[in-house]
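# Summary of the model geometry
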Amino acid sequence: MSTKKRNWKPQTALVHGGTLRSQFGETSEAMYLTQGYVYETAQAAEARFKGEEPGFIYSRYANPTVDMFEKRMCALEGAEDARATASGMAAVTAALLCSAKAGDHIVAARALFGSCRWVVETLAPKYGIEATLVDGTDIANWEKAVRPNTKLFFLESPTNPTLEVVDIAAVASLATSIGARLIVDNVFATPLQQKPLQLGAHIVVYSATKHIDGQGRCLGGIILSDKKWIDENLHDYFRHTGPSLSPFNAWTLLKGLETLPVRVRQQTESAGKIADFLAGRPEIARVIYPGRADHPQADIVKKQMAGGSTLICLDVKGGKQAAFALQNALDIVLISNNLGDAKSLITHPATTTHKNLSDEARAELGIGPGTLRLSVGLEDTDDLLEDVAQALKAAK
């Protein structure tokens, strides 16, 4: 394992961090496609199960390739420990359920990805865990929602799809003051643009399917926190319920991490230019982009984010019909509910990712019939601008 230097910059850590080499000295990380492991003696097996001897026992618990991915993510995030999961939603669900029990209370920002909101609003109450949703952009709403049994705060920032930004430091401070823990879904910011743990958050979750893979190849997720919390809360939940990441997907995600800084930098630069272009077009009613001065939480963006975003939220004049027309007229940009990919992707949240919410709930979140989410990829910026410009003509 590479341990000679621990204060590497992200670009270096994402190439070398956590590397474990076999006796063959391979350059690329090895894929350990194994379910189980053998022991030289019965005594060695007993010692390993007792935790007296380091090593792997079963790939549902831990695996060398998965371990490399977890350690590399820890180096990037500044976390003590991590557990990689089969998907982003497996990470969210595990982080929430392993931390709460019947009779506990969760306060969550209402601006959540549809599946995250289902876990908070529908799944958690089935196990006797109460939940309150608030407008997360105002710290007063978090304060008012606190109860004596509040154990968890949960938010995503920037939010999906309207790119609201929540003051993570303020919410984390409140959580700490009442003995609760803050879980932050940091997918939209990426670990390069925002560091929730440094801002006071206690737990960070990712859908590694998005920017971390970033090339449409596999699913994955990860939970990062301090070692004590993982040992006392997540370890047994993870071990016995089995949401573990496959070694092959872990290897793919390791390869994705090597190019993450290059990809996110280019995507963010292109997204900023496209957002500026869209903001000046008569066909567009609204553009929300964290890198622009007119973002509703621009001051918080400057305080807690290192850059803009790879995503843009826009409202097309003419509602659903115009939004569909714009999507259908695009040549380079593909219609998809995914994001963070090397390919530019566009989504109509009201009929896809957030379709299960009521009209009232979508309106509260600022999701209208003309709302679109644009995930900017790695194509040439000028080509993307030309594609968007010609598609806007169809939206008139």
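Residues numbered from 1 in each chain as written. Predicted model: local features only at pLDDT ≥ 70, side-chain atom pairs only at ≥ 80, totals over all residues. Heavy atoms only, no water.

For the protein, an unreviewed UniProt entry supplies the name O-succinylhomoserine sulfhydrylase and the organism Mesorhizobium caraganae. On record in UniProt, under Cofactor (unreviewed entry), the comment for the protein is "pyridoxal 5'-phosphate". (UniProt positions renumbered as here; feature names shortened; annotations may be inferred.)

## Regarding helix α5 (residues 114–126)
The terminal C-alpha atoms of α5, which comprises 13 residues, lie 18 Å apart, in line with the 18 Å expected from a rise of 1.5 Å per residue. The largest bend in α5 is about 30°, located at Val120. Three or more residues of α5 are buried, namely Gly114, Cys116, Arg117, Val119, Val120, Leu123 and Ala124. Considering only its buried residues, α5 is in contact with α4 (88–97), β2 (105–109), β3 (130–134), β4 (150–156), β5 (181–185) and α14 (359–365). (Helix = DSSP H or I, 4+ residues; strand = E, 2+ residues; numbered from the N terminus. Expected span 1.5 Å × (residues − 1). Bend = angle between axes of the 7 residues up to and from the residue. Buried < 20%, exposed > 50% of the residue type's maximum accessible area, 1.4 Å probe, protein only. Contact = heavy atoms within 4.5 Å.)

## Thoughts on the nonpolar core
Of all hydrophobic cores here, the largest spans 32 residues; its most connected members are Phe69, Met73, Tyr206, Ile212, Ile222 and Leu224. Taken together, the elements giving at least two residues each to this core come down to α3 (64–77), β1 (81–85), β6 (203–207), β7 (221–225), α11 (247–279) and β9 (311–316). Setting aside residues no more than four positions away along its own chain, Ile222 makes contact with Phe69, Glu70, Met73, Ala82, Arg83, Ala84, Thr85, Ala91, Val204, Val205 and Tyr206. One finds Leu97, Val120, Ile223 and Trp229 within the second-largest nonpolar core, a separate group that totals 27 residues. (Core = buried A, V, L, I, M, F, W, Y, C linked by side-chain atoms within 4.5 Å.)

## Points about the pattern of salt bridges
Within this structure, the stated rule accounts for 22 salt bridges. The residue Lys227 makes a salt bridge to Asp231 at a minimum N-O spacing of 2.7 Å. Of this pair, Lys227 and Asp231 both sit in helix α10 (residues 227–241), four residues apart, which is roughly one turn of the helix. Using a relative accessible area of 41% as the deciding quantity, one classes Lys227 as partly exposed. By relative accessible area, Asp231 is classed as partly exposed at 36%. (Salt bridge = Lys/Arg side-chain N within 4 Å of Asp/Glu carboxyl O.)

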